[in-house]
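Coordinates in review
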Amino acid sequence: MSKIAILEIDGNKFELPVIVGSENEAAVDISKLRDISGVITLDPGYKNSGSCKSEITFLDGELGILRYRGYSIEELAEKSHFLEVSYLIIFGELPSVERLEQFENDIRKFTLVSEEMKIILDGFPRTAHPMGVLSALTSALTAFNPKSVDADNEKDMYDAVCKTIAKFLVIATWTYRKSMGYPLNYYDNTIGYVENFMNLMFKLPTGPYTANPIIIDALDKLFILHADHEQNCSTSTVRMVGSSHAGLFASISAGVSALWGPLHGGANQAVLEMLEEIHATGGDADKYLAKAKDKNDPFRLMGFGHRVYKNFDPRAKIIKKAADEVLATLGVNDPILEIAKKLEVSALEDEYFKSRNLYPNVDFYSGIIYRALGIPTDMFTVLFAIGRLPGWIAQWKEMRENKEPIGRPRQIYTGYPLREYVKS
Ligand code: SDX
């Protein structure tokens, strides 16, 4: 029996359908609300508003559940690898061995980035933040691939997926090479995707380079954990930009910019900077907890809290365990990790954080691993973007395949009523 919601305004009753998802989440469908009642809803930050139906990712913030296409994040992080998970998220099913091999070979067809892109990169100062450069270079890819993706053509869409995954990794690492004044590296089609990331980042022409397999495995797991997260700020941005039928590269470029913010993906860099400041000022974590609780202080405990998770972020649990393992295996004894653990214990015992359900999120421990792997701090959010890329692609593809309407929210006007122009 279909459910309905009844809204009563000034004695008038309006019936609205209630839809229920495959995990029993319920939503009042207000798509006809203004037509039947003349009113709209208002929800700054969309804390209570769903923008779409989606089959890609399910998360339960109360229970700390995260699944990609029905598979738990815990299983995928332990048993799968990043390109397999990327295929799953984008195309909906785990690939056979042969299909995955074909997918990886099809990505390799597009790993050469146009030499003219280097001219654009040359225009940036070495001090430019990598996320700003990445957003610009991603948008610039449109200039070299002007034919916009026909989302209704399976081959066209598939090639765009492979092309984006191939080229995004290369230009992401170029942002680091530019900041270091190093020559730019090329993707090596004879080795794997994550190993290529390490080569593209750290291989120098002055000598041989072999990435540590422990680091490759850790990064592969981290990319899986970042691969999608339903309608977060940057993914909603990718959907919004794509809803105007702007191209895939342009939509992802916008997603990179949204992810950059310190309240979102930029938090992993902000966490490290916060922990380093605590360490540099004597390691007094309680002083920073007090700052985070002080309403007159804009400081927030970076890496804590989440719009949806009101319990532990399941990714944070996996990353915290991986941090312990990777640092022990690499023989890294990082005082920052100890400060993070002390901060976590203090916050989880503190009434302010407990009463607001503020737990460590995905960004709290990821920066500690990245640092142990030799990744520079201002590249942390670039790594988040590399991990999130399959999610952005999948959500853009789903939005176009579902022929979602152009995104255009309403508003409630609170400015001046009509007034006459009087020449002064
Ligand atoms: C990501 O959405 C996603 O899925 C994102 C993400 C993904 O995978 O895409 O998971 C990745 O962005 C993780 C979040 C990374 N950001 C941070 O770590 C930055 C620090 N966290 C916060 O700024 C905050 O928790 C947000 C932005 C993450 C969530 O903010 P909300 O949901 O808008 O919550 P809010 O700001 O309304 O906070 C509710 C209360 C407020 O206090 P009161 O007004 O009720 O007294 O909690 C307080 C806030 O002041 N609060 C914090 C806090 N986070 C919330 N107080 C101190 N430190 C914090 N970190």
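Conventions and cut-offs
- Every residue gets a number counted from 1 within its own chain, in the order that chain's sequence is written.
- For this predicted model, a pLDDT threshold of at least 70 governs which residues receive local features, and a threshold of 80 or more governs which side-chain atom pairs are given and counted, while totals over whole chains, interfaces and linings are taken from all residues.
- Hydrogens are left out, water is left out, and the side-chain values use all remaining heavy atoms of the structure.
- Helix and strand assignments follow DSSP, with helices taken as H or I runs no shorter than four residues and strands as E runs no shorter than two, numbered in order from the N terminus.
- Burial here depends on accessible area, computed with a 1.4 Å probe over protein chains only, as a share of the maximum for the residue type. Under 20% is buried, over 50% is exposed, and the range in between is partly exposed.
- Pairs of N or O atoms are called polar contacts if they sit within 3.5 Å, as long as, within protein, a hydrogen donor faces a hydrogen acceptor (for residues adjacent in sequence, only side-chain-to-side-chain pairs).
- Residues are counted as near a molecule or strand when any one of their heavy atoms sits within 4 Å of it.
- Method for areas: the Shrake-Rupley scheme with a 1.4 Å probe, in which residue coverage is limited to the protein chains shown.
- Each residue gets one of three labels, nonpolar for Ala, Val, Leu, Ile, Met, Phe, Trp, Tyr, Cys and Pro, charged for Asp, Glu, Lys and Arg, and polar for the others, Gly among them.
- For this quantity, the arc is that covered by the directions from the helix axis to the C-beta atoms.
- Whether two residues touch is decided by their heavy atoms; if any such pair falls within 4.5 Å, the residues are in contact.
- The patches described consist of residues with a relative accessible area above 30% and no salt bridge, like charges being joined within 9 Å and nonpolar side chains (Val, Leu, Ile, Met, Phe, Trp, Tyr) within 5 Å.
- Basic side-chain nitrogens of Lys or Arg form a salt bridge, by our definition, when they fall within 4 Å of a carboxyl oxygen of Asp or Glu.
- Positive charge is attributed to Lys and Arg, negative charge to Asp and Glu, and no charge count is given to His or to the chain ends.
- In this description, the location of a charge corresponds to atom NZ of lysine, CZ of arginine, CG of aspartate or CD of glutamate.
- Each nonpolar core is a collection of buried residues, namely Ala, Val, Leu, Ile, Met, Phe, Trp, Tyr and Cys, held together in the definition by side-chain atoms within 4.5 Å.
- For two strands to be treated as a pair, DSSP must find no fewer than two bridges joining them.
- Fitted lines through C-alpha atoms give the axes, limited to the stretch in contact for helices. The angle between two N-to-C directions lies from 0 to 180 degrees.
- Between the rings of Phe, Tyr and Trp (Trp by its six-membered ring), a pair exists once the centres lie within 6.5 Å; its type follows the angle of the planes, with under 30 degrees stacked, over 60 edge-to-face, and the other angles tilted.

Looking now at the side chain of N361. Among the structural elements, N361 can be located in the loop between α16 (351–355) and α17 (362–372). Taking relative accessible area as the criterion, N361 reaches 8% and is therefore assigned buried. From its side chain, N361 meets the backbone oxygen of G305 in a polar contact 2.8 Å long.

So, on to the site of the ligand. In the neighbourhood of the ligand, 25 residues make up the surrounding shell, with H229, H306, R307, R315 and R388 lying closest. One of the side-chain nitrogen or oxygen atoms of K47 is found 2.8 Å away from an oxygen atom of the ligand. For the ligand, whose accessible area on its own is 1100 Å², the fraction buried by protein is 80%. Tallied by class, the residues present in the shell around the ligand amount to 10 nonpolar, 7 polar and 8 charged.

This brings us to helix α13 (residues 285–293). Turning to α13, its buried residues are A285, Y288, L289 and A292. The buried residues of α13 occupy an angular sector of 105 degrees when the element is viewed end-on, so they sit on one face. Looking at the buried side of α13, the elements it contacts are α12 (267–280), α15 (335–349) and α16. Near the N-terminus of α13, the side chain that reaches the backbone nitrogen of D286, with its oxygen 3.2 Å away, is that of D284.

A contiguous patch of positive charge, built from K47, K295, R300, R307 and R356, is present on the exposed surface. Checked against the element boundaries, R356 lands in the loop between α16 and α17.

Moving on, we get to the nonpolar core. Ranked by internal contacts, the top residues of the largest apolar core, which has 121 residues, are Y68, I165, L219 and L301. Broken down by element, this core gets its largest block of residues, 14 residues, from helix α7 (residues 154–180). Among residues more than four places away in sequence, those in contact with L219 are V194, F197, M198, Y370, L373 and L383.

Let's shift gears to the pairing of strand β4 (residues 57–60). Residue alternation in β4 divides its side chains into two sets, T57 and L59 and F58 and D60, and both sets are buried. Here β4 pairs with strand β5 (residues 65–68) via 4 bridges, running antiparallel. Paired with D60 across the two strands is I65, which belongs to β5. Between the end of β4 and the start of β5, which pair antiparallel, lie 4 residues, with G64 showing a positive phi angle near 65 degrees.

Looking now at the pairing of strand β1 (residues 3–9). As paired strands, β1 and strand β2 (residues 12–20) are joined by 7 bridges and run antiparallel to one another. Paired with A5 across the strands is L16, a residue of β2. Once β1 ends, the chain turns through 2 residues before running back antiparallel as β2, passing D10 with a positive phi of about 50 degrees.

What follows is about the sheet that holds strand β3 (residues 26–28). Across the sheet, 3 strands lie side by side as β1-β2-β3; this open sheet has antiparallel pairing. Where the open sheet ends on each side, the last strands, each with one partner, are β1 and β3. On average, each strand axis in the sheet is tilted by 30 degrees relative to the strand beside it, whichever way the strands run. As paired strands, β2 and β3 are joined by 3 bridges and run antiparallel to one another. The partner of I19 across the bridge, within β3, is A27.

Before going further, it helps to spend a moment on the environment of D43. Note that D43 resides in the loop between α1 (33–37) and β4. Looking at D43, the relative accessible area reads 15%, which means it is buried. The spacing of D43 and Q411 is 368 residues in sequence and 9.8 Å in space, taken between C-alpha atoms. Excluding anything up to four places from it in sequence, D43 contacts N48 and S49. Polar contacts involving the side chain of D43 include one to the main-chain amide nitrogen of N48, which spans 2.6 Å.

Our next topic: the packing of aromatic side chains. In the structure shown here, the tally under the stated rule is 18 aromatic pairs. When the ring of F82 is compared with that of F223, the centres are 5.3 Å apart and the planes differ by 45 degrees; the resulting orientation is tilted. With F82 in helix α3 (residues 82–91) and F223 in helix α9 (residues 213–225), this pair connects stretches of sequence that are 141 residues apart. Under the relative-accessibility criterion, F82 is labelled buried at 2%. On the numbers, 4.9 Å between centres and 85 degrees between planes, the contact of F364 with Y365 is edge-to-face.

Without other data, these values stay purely geometric and don't point to any function.
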